[in-house]
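Letter by letter, the chains look like this.
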Amino acid sequence: MIIVVKNNCEEKQYQNLVEWINDLGLTVHESRGEHSTVLGLVGDTSRVDIDLISSLDIVEQVQRVQEPYKNANRKFHPLDTVIEVGGHKIGGDNFTVIAGPCSVESESQIIEVAKAVKEAGATLLRGGAFKPRTSPYAFQGLKDTGIELLLKAKKETGLPIVTELLSVSHLDLFKDVDIIQIGARNMQNFELLKEVGKTCKPILLKRGLANTLNELLMSAEYIMAEGDCQVILCERGIRTFETMTRNTLDISAVPVLKEKSHLPIIIDPSHSTGVARLVEPMSLASVGAGADGLIIEVHNDPQRALCDGAQSLNPVQFKGLMDKVKTMLPIVNKKYN
Ligand code: PEP
Ligand code: MN
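All values derive from a computational prediction rather than experimental measurement.

Through backbone hydrogen bonds, the strands of a sheet pair up, either in parallel or in antiparallel fashion. Read from one edge to the other, the open sheet built from four strands follows the order 2-3-1-4, with strand pairing classed as antiparallel. Because the sheet does not close on itself, it has two edges, and the strands there are strand 2 (27-32) and strand 4 (59-63). Adjacent strand axes in the sheet meet at a mean angle of 20° when their direction is disregarded. The pairing of strand 2 with strand 3 (residues 36-42) spans six bridges and is classified as antiparallel. Within the sheet, the bridge partner assigned to Arg-32 lies in strand 3 and is Thr-37.

Backbone geometry follows two general trends: most residues other than glycine have a negative phi, and most peptide bonds adopt the trans configuration. The phi torsion at Cys-200 lies on the positive side, around 60°, for a residue other than glycine. Phi angles above zero are rare outside glycine, and Asn-333 is one such case at about 55°. Mapped onto the elements, Asn-333 comes out in the loop between helix 10 (315-328) and strand 15 (335-336). By relative accessible area, Asn-333 is classed as exposed at 63%.

Let's shift gears to the packing of aromatic side chains. This structure, assessed with the given rule, holds two aromatic pairs. Aromatic pair Phe-190 and Tyr-222: ring centres 4.5 Å apart, planes at 20°, arrangement stacked. Placement of the pair is Phe-190 in helix 5 (residues 190-199) and Tyr-222 in helix 6 (residues 213-225), with a sequence separation of 32 residues. Given a relative accessible area of 31%, Phe-190 falls into the partly exposed group. For Tyr-222, a relative accessible area of 32% gives the class partly exposed. Above the face of the Tyr-336 ring, Lys-326 is positioned so that its terminal group lies 4.7 Å from the ring centre.

Looking now at a nonpolar patch on the surface. Side chains of Trp-20, Leu-24, Leu-52 and Leu-56 sit close together on the surface and give an oily, nonpolar patch of about 310 Å² of accessible area. With respect to the element layout, Leu-52 can be found in helix 2 (residues 50-54). The exposure class assigned to Leu-52 is partly exposed, which follows from its relative accessible area of 40%.

Cut-offs and rules
- Residues numbered from 1 in each chain as written.
- Chains lettered and ligands numbered in written order.
- Predicted model: local features only at pLDDT ≥ 70, side-chain atom pairs only at ≥ 80, totals over all residues.
- Heavy atoms only, no water.
- Pairing = 2+ DSSP bridges.
- Helix = DSSP H or I, 4+ residues; strand = E, 2+ residues; numbered from the N terminus.
- Axes fitted to C-alpha atoms, helices over the stretch in contact; angles between N-to-C directions.
- Buried < 20%, exposed > 50% of the residue type's maximum accessible area, 1.4 Å probe, protein only.
- Phe/Tyr/Trp six-rings, centres within 6.5 Å; stacked < 30°, edge-to-face > 60°.
- Lys NZ or Arg CZ within 6 Å of the ring centre and 35° of its normal.
- Patch = residues over 30% accessible without salt bridge, like charges linked within 9 Å, V, L, I, M, F, W, Y side chains within 5 Å.
- Areas by Shrake-Rupley, 256 points an atom, 1.4 Å probe, with all protein chains shown as cover.
- Salt bridge = Lys/Arg side-chain N within 4 Å of Asp/Glu carboxyl O.

So this is what it looks like as structure tokens:
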């Protein structure tokens, strides 16, 4: 971190600032110029309140040169993190496809979809049991029964399961869930992040509706600071002024996050577009951008889906997409896993 101090300040104020920084356990390198003095802070600056320093009268400018996240930072972990789930590898040179309905609706529905996505080549099954809906009157999910049905589908197909946790009070129900999803609406539910960080399970962390990539990485840091290093980042589209798609897929999130972090990054083309026919082109774009995988909504009967039917592929469309994705993988040096 660099602090530029005005040269017309009182020496006492300047010394107070230096002492304060030293008290934070940091070393100060001073460079006195004609108009200002530049202080270089050496040490762990992640706990320094940049806004507080900026607000001081004697301070002209403050700039971070090191990101405030350590565990998620590629600078400290140059190699890609590879997460193993049920014998499948996520991250590195592996490509993973998670597929399944938005919500678990019934035993026959989840088993049918699970078999279909497995047949098409998906390696993990998704399905919401607890649903975060905008309207309190919309289908809220089958809750604990939904988790039981997912576990049945897992038993039947061997596919590991991914499902969303909405509240710490439900955590006990998730002990046999393979990957816990933290949805967009909870990306900054810090108490929830801390609790899932204690489980040491793989966590699929979705980017918030209006959150920056830096904020996404800070949320990953919350989980990792509790000791859980198995975080998978997920770009699922962000709110913009565009209305023709449900959200705007920030495809550049992939190469940017790859530079900044060693964590796997997957794309959700379903929630980012909201339109089934846009899922395939966005999936292929995600492969091209270097994503480590996709999470795709697939329903056996999209027209009758209780949630997100408009963006759900049917099994035939999904199989067609899988074949194209697999054809592209050698170009980006990835193998299907
Ligand atoms: C979901 O995956 O079903 C979901 C609700 O996603 P998001 O949190 O990205 O809206
Ligand atoms: Mn959905």
